[in-house]
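Results of the structural survey
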Amino acid sequence: MAYSETYILLLTQLVAVMLMLHAAPSRSAMLAMNRSWTVLAISGFGTALFVAVAAYAVPRYGPIGGNIAHVVLGVVTAVLLDVSWLRRAKPRPVAASMG
């Protein structure tokens, strides 16, 4: 097993990729709703959090610290985009039509 030592790195990176793939449709929906500033703010916040976690975790834990930072980025981005999209996508009451 040549790659058995890197299994945990691969596993955490796969979790991060799945989270980013989960966030992609919400990001597209928000952009289609003309909420580009919200998407930009969420992406900027997630990126800043990624840099902070990576700056802390990589020197202390090595390569797994970078993967943990990716997972944090994925969780924050996915949750914030989903919450923002679901709040915006609620059905709104429609006035009764005459006819």
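The model shown is predicted, which means the values in this text are computed figures rather than measured ones.

Reading the values: the criteria
Residues numbered from 1 in each chain as written. Predicted model: local features only at pLDDT ≥ 70, side-chain atom pairs only at ≥ 80, totals over all residues. Heavy atoms only, no water. Helix = DSSP H or I, 4+ residues; strand = E, 2+ residues; numbered from the N terminus. Expected span 1.5 Å × (residues − 1). Bend = angle between axes of the 7 residues up to and from the residue. Buried < 20%, exposed > 50% of the residue type's maximum accessible area, 1.4 Å probe, protein only. Contact = heavy atoms within 4.5 Å. Patch = residues over 30% accessible without salt bridge, like charges linked within 9 Å, V, L, I, M, F, W, Y side chains within 5 Å. Areas by Shrake-Rupley, 256 points an atom, 1.4 Å probe, with all protein chains shown as cover. Salt bridge = Lys/Arg side-chain N within 4 Å of Asp/Glu carboxyl O. Lys, Arg positive; Asp, Glu negative; His and termini not counted. Charge placed at Lys NZ, Arg CZ, Asp CG, Glu CD. pLDDT = per-residue confidence, 0-100. Axes fitted to C-alpha atoms, helices over the stretch in contact; angles between N-to-C directions. Parallel < 35°, antiparallel > 145°, perpendicular 65-115°, else oblique. Left-handed = near helix turned anticlockwise from the far one by under 90°. Nonpolar A, V, L, I, M, F, W, Y, C, P; charged D, E, K, R; others polar. Core = buried A, V, L, I, M, F, W, Y, C linked by side-chain atoms within 4.5 Å.

**Quick notes on helix H2 (residues 36-61)**
Here H2 contains 26 residues, and its C-alpha end-to-end distance of 35 Å stays within 8% of the 38 Å for a straight helix at 1.5 Å per residue. Taking the largest bend as the criterion, H2 deviates by roughly 30°, centred on alanine 54. All of the buried residues along H2 are Val39, Ile42, Gly46, Ala54 and Ala57. In this structure, the buried residues of H2 make contact with helix H1 (7-32) and helix H3 (63-88). Of the residues one or two after H2, glycine 62 is the one with positive phi, at around 80°.

**Observations regarding a positive patch on the surface**
On the surface, a cluster of positive charge is made up of Arg35, Arg87, Arg88, Lys90 and Arg92. With respect to the helices, strands and loops of the structure, arginine 88 is situated in helix H3. A relative accessible area of 37% means that arginine 88 is categorised as partly exposed.

**Re the confidence of the model for the protein**
Should pLDDT be low for a region, the predicted coordinates there are not to be read in detail. Across the protein, the average pLDDT comes to 90, with 94% of residues at 70 or higher. H2 holds the highest mean pLDDT among the elements of the protein, 96, whereas H1 holds the lowest, 93.

**Concerning the packing of H1 against H3**
Relative to each other, H1 and H3 sit at 25°, their axes nearing to 8 Å. If you check the angle between H1 and H3, you find them roughly parallel. Pair H1 / H3 crosses with left-handed handedness.

**Things to note about the packing of H1 against H2**
Two elements in contact, H1 and H2, have axes separated by 7 Å at closest approach and are oriented at 145°. Where H1 abuts H2, its residues Arg27, Met30 and Leu31 lie against Ser36, Thr38 and Val39. Taken together, the residues of the contact of H1 with H2 sort by class into three nonpolar, two polar and one charged.

**Looking at the nonpolar core**
Nonpolar side chains tend to gather and get buried jointly when the protein is soluble and globular. Ranked by size, the top nonpolar core spans six residues in total: Ala23, Met30, Val39, Ile42, Ala78 and Leu81. Of all elements in the fold, only H1, H2 and H3 reach the threshold of two or more residues within this core. Alanine 78 has contacts with Leu19, His22 and Ala23, leaving out every residue within four places of it along the chain.

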